[in-house]
Amino acid sequence: MSKRAVPANILRRALAVVLAGAMTVSLFGCNAETKEQKEQREFNEYCDELFKDMLGDDVLSVHYKLADPEKMGIEVKDYTLGDFTIEQIEEGEKEVDATLEKLNALNGFNAELLTDRQQLSLKTLKAYYEQQSEYDGLYMLQNMFGSNSGLIANLPTNFVEYVFDDEQDVKEYLDLVKDTKRYVDQVLDFTREQAEDGKFMASFCAQENIDMCNKYLDEEVNPLIASFEEKLEELDIDDAKKSEYIKTNEQYVKEYYNAAYEDVISVLSELMEGETNDKGLYYMDGGTDLYTAIVHEKTSTQMTPEKVIDLLDSELESLFTEYATLYYSDTSLLDQEMNLDTGMTEPKEMLEFLADNCSSEFPKPYTKDFVVQYQSKATEVEGTVAYYLTARLDQLDYNSIKVNGSAVEGDDVSLYTTLAHEGFPGHLYQFTSVYNNADIPNALKMVDFIGFTEGYAQYASDRSYRMLGCSEELSQMCVLDGMLGYILQSRIDLGVNYEGWGIDEISEYLSAYVNDVDSVAEEMYESVISDPGILLPYTVGHIKMIKLREKAERKLGDSFDAKEYHQLILDTGIVPFEIMEEELNNYISEKKSK
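Thresholds, definitions, all that
- Residues numbered from 1 in each chain as written.
- Predicted model: local features only at pLDDT ≥ 70, side-chain atom pairs only at ≥ 80, totals over all residues.
- Heavy atoms only, no water.
- Helix = DSSP H or I, 4+ residues; strand = E, 2+ residues; numbered from the N terminus.
- Salt bridge = Lys/Arg side-chain N within 4 Å of Asp/Glu carboxyl O.
- Buried < 20%, exposed > 50% of the residue type's maximum accessible area, 1.4 Å probe, protein only.
- Phe/Tyr/Trp six-rings, centres within 6.5 Å; stacked < 30°, edge-to-face > 60°.
- Lys NZ or Arg CZ within 6 Å of the ring centre and 35° of its normal.
- 1 Å grid on protein atoms, 1.4 Å probe; cavity = no way out; pocket = protein on both sides within 12 Å on 5 of 7 lines; lining within 4 Å.
- Points joined across faces, edges and corners; volume = space filled by probe spheres on them.
- Pairing = 2+ DSSP bridges.

*Asks:* Could you give an account of unusual backbone geometry, with specific residues and numbers?
*Replies:* For the bond from phenylalanine 424 to proline 425, the omega torsion is 5°, close enough to zero to count as cis. The phi torsion at serine 300 lies on the positive side, around 55°, for a residue other than glycine. Structurally, serine 300 can be placed in the loop between α11 (287–299) and α12 (305–329).

*Asks:* Can you explain the pattern of salt bridges? Please cite residues and give values.
*Replies:* Considering all chains together, one arrives at 26 salt bridges under this definition. As a salt-bridge pair, aspartate 356 and lysine 368 come within 3.0 Å of each other at their nearest N and O atoms. You can see aspartate 356 sitting in helix α14 (residues 347–357) and its partner lysine 368 sitting in the loop between α14 and β2 (371–374), a full twelve residues away along the chain. Arginine 466 is the salt-bridge partner of glutamate 472, the closest N and O atoms lying 3.1 Å from each other. Classification of glutamate 472 as partly exposed rests on a relative accessible area of 47%.

*Asks:* Give a detailed account of the packing of aromatic side chains, specifying residues and quantitative values.
*Replies:* According to the stated counting rule, one finds 34 aromatic pairs in the structure shown. Put simply, the rings of Tyr64, Phe159, Tyr162, Phe164, Tyr173, Tyr216, Phe228, Tyr257 and Tyr261 pair up and form one aromatic cluster. For lysine 231, the ring lying beneath its charged end belongs to phenylalanine 164, and the centroid distance is 4.7 Å. The aromatic ring of tyrosine 283 is capped on one face by lysine 279, whose charged end is 4.2 Å from the ring centroid.

*Asks:* Could you give an account of the layout of surface pockets, with specific residues and numbers?
*Replies:* Reported here for the second largest pocket is a volume of approximately 600 Å³. The wall of the second largest pocket is formed by 26 residues, among which Val160, Glu230, Lys231, Gln373 and Lys402 lie closest to the centre. Looking at the lining of the second largest pocket, the elements that each hand over two or more residues are α6 (151–160), α9 (223–233), β2 and β4 (400–403). If you tally residues by element for the lining of the second largest pocket, the top one is α9, at five residues.

*Asks:* Tell me about the pairing of strand β3 (residues 386–389), and please be specific about residues and values.
*Replies:* Burial along β3 is two-sided: Ala386 and Tyr388 facing one way and Tyr387 and Leu389 facing the other are all buried. Pairing of β3 with β4 involves four bridges; the strand directions are antiparallel. Among the inter-strand pairings, tyrosine 388 is bridged to a residue of β4, identified as isoleucine 401.

Now the structure itself:
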């Protein structure tokens with residue numbers, strides 16, 4: 001998975017962009033703009049302003065997106081985590097017009113007057129805001145404490161990964177640590193409001209967050225203290241100042257960060273004693289509306305939940321048939337899969353191998369620079385194997401990958417394919433290539449189509465088996481083995497949150513595929529309720545990516561070129577699958593016409 005900084009105000013609606021009036025030009029001047037030039041210039045100006053608007057005054061978003069924000073005319077004045085009061089959220093909900101104004105502004109551009117690249121950007125921005133508008137009015141149903149996607153699961157990352165380029169960054173970081181308790185307490189107040197409204201999370205989700213907090217507090221080496229000292233050591237600051245900063249950080253972590261976790265434990269423990277929602281979104285008023293929005297966001301498509309169910313059911317049957325065909329055609333394949341050896345054990349070694357070898361069918365990486373480390377035990381989240389922290393737009397040579405050592409311990413193949421997903425030719429490769437493309441507006445580099453990016457990274461990981469010298473048959477068996485598990489879990493997610501399945505229905509569904517049903521049914525049930533849609537990007541996005549390549553190979557035959565195909569994906573940017581398919585169709589038509 002890739003990680004971006006958790007926005008200070010997750011439900012904040014950015015203010016509508018107001019463009020300056022068109023530049024007056026002389027009708028008789030020799031440099032007068034054509035209507036095409038005028039439309040294209042105004043669209044570029046709009047995208048520039050939209051980029052600044054998206055960042056706003058959110059210190060975390062600015063810090064994680066730009067190394068030098070002032071160079072782009074962006075200045076942060078408020079070094080806090082923002083506000084998350086119920087009043088502000090309700091006010092934001094009244095400002096639905098902010099999203100509508102963006103859509104109206106985008107609809108106001110004449111696509112026929114724009115360049116091909118601008119037309120693609122316009123379609124993508126419209127798709128993004130249309131999808132985001134589906135969440136309007138549903139804020140009280142959104143769980144701020146998802147087991148993998150929520151506040152506690154992600155908050156440490158924002159501090160551990162905070163980059164110190166200079167002393168000013170250290171001061172800003174300390175201000176943010178000091179602000180943690182205030183911000184978290186506001187989120188807890190919101191959660192109390194949800195509980196009073198009968199919309200508190202599932203009891204097991206609350207307990208998992210409590211366990212995560214206790215795990216962090218009980219850790220012998222505090223990750224926020226250890227990482228702070230490591231980063232501080234790299235700066236050119238005199239020892240006396242360093243000692244002072246270290247002392248201040250230790251104080252703030254104890255008084256504000258740790259205290260925030262203690263508040264979470266206290267409040268969630270209290271609220272668990274009341275009404276909880278342990279049966280999934282299907283049983284909550286408005287829950288299926290929220291889940292439909294989640295499906296659209298997580299799959300980067302406009303497929304209905306029913307269509308996604310049909311897709312997963314069909315793919316599951318097809319993949320089992322393909323797996324059986326492979327197995328019976330060569331019964332040694334299973335042994336080969338079980339005994340597969342990468343010949344490597346260290347993450348750095350694996351990433352260097354992948355960076356050097358992915359060029360066999362992918363364009364040359366923009367950068368091979370990376371830092372890879374194991375996570376502190378205190379910040380490991382069950383279910384998260386690793387993450388790539390997306391590079392800054394103006395600092396593409398710094399790429400951080402963190403590995404959950406507990407999740408890959410003793411499994412070098414899992415570590416290798418995970419690093420292919422996070423690094424080369426996966427997230428690091430894709431994001432740095434897209435971010436380096438000056439033809440793609442910065443505003444588009446802010447939007448997130450997670451089904452597209454995770455689906456691409458899953459597909460990229462598939463290709464890594466071939467880099468090890470595996471045969472096509474063995475590579476495909478390994479891919480199918482992984483896909484089957486994702487499809488089963490994603491289908492259960494839809495069953496629980498959209499169709500109202502309980503543990504009995506899950507057990508019945510799994511009995512056709514899994515031997516020890518009882519040991520996994522309850523675990524899966526709790527997982528999909530605690531984090532609805534969490535695996536859909538990795539499942540539906542993966543299937544969509546595979547089908548795009550199959551279509552290109554089928555239509556182009558011998559003229560299919562893998563490097564050229566992958567360049568098309570990179571040049572298109574990060575988009576919904578409907579738009580990617582349009583671009584692929586255009587590419588195929590042009591290639592066949594030559």
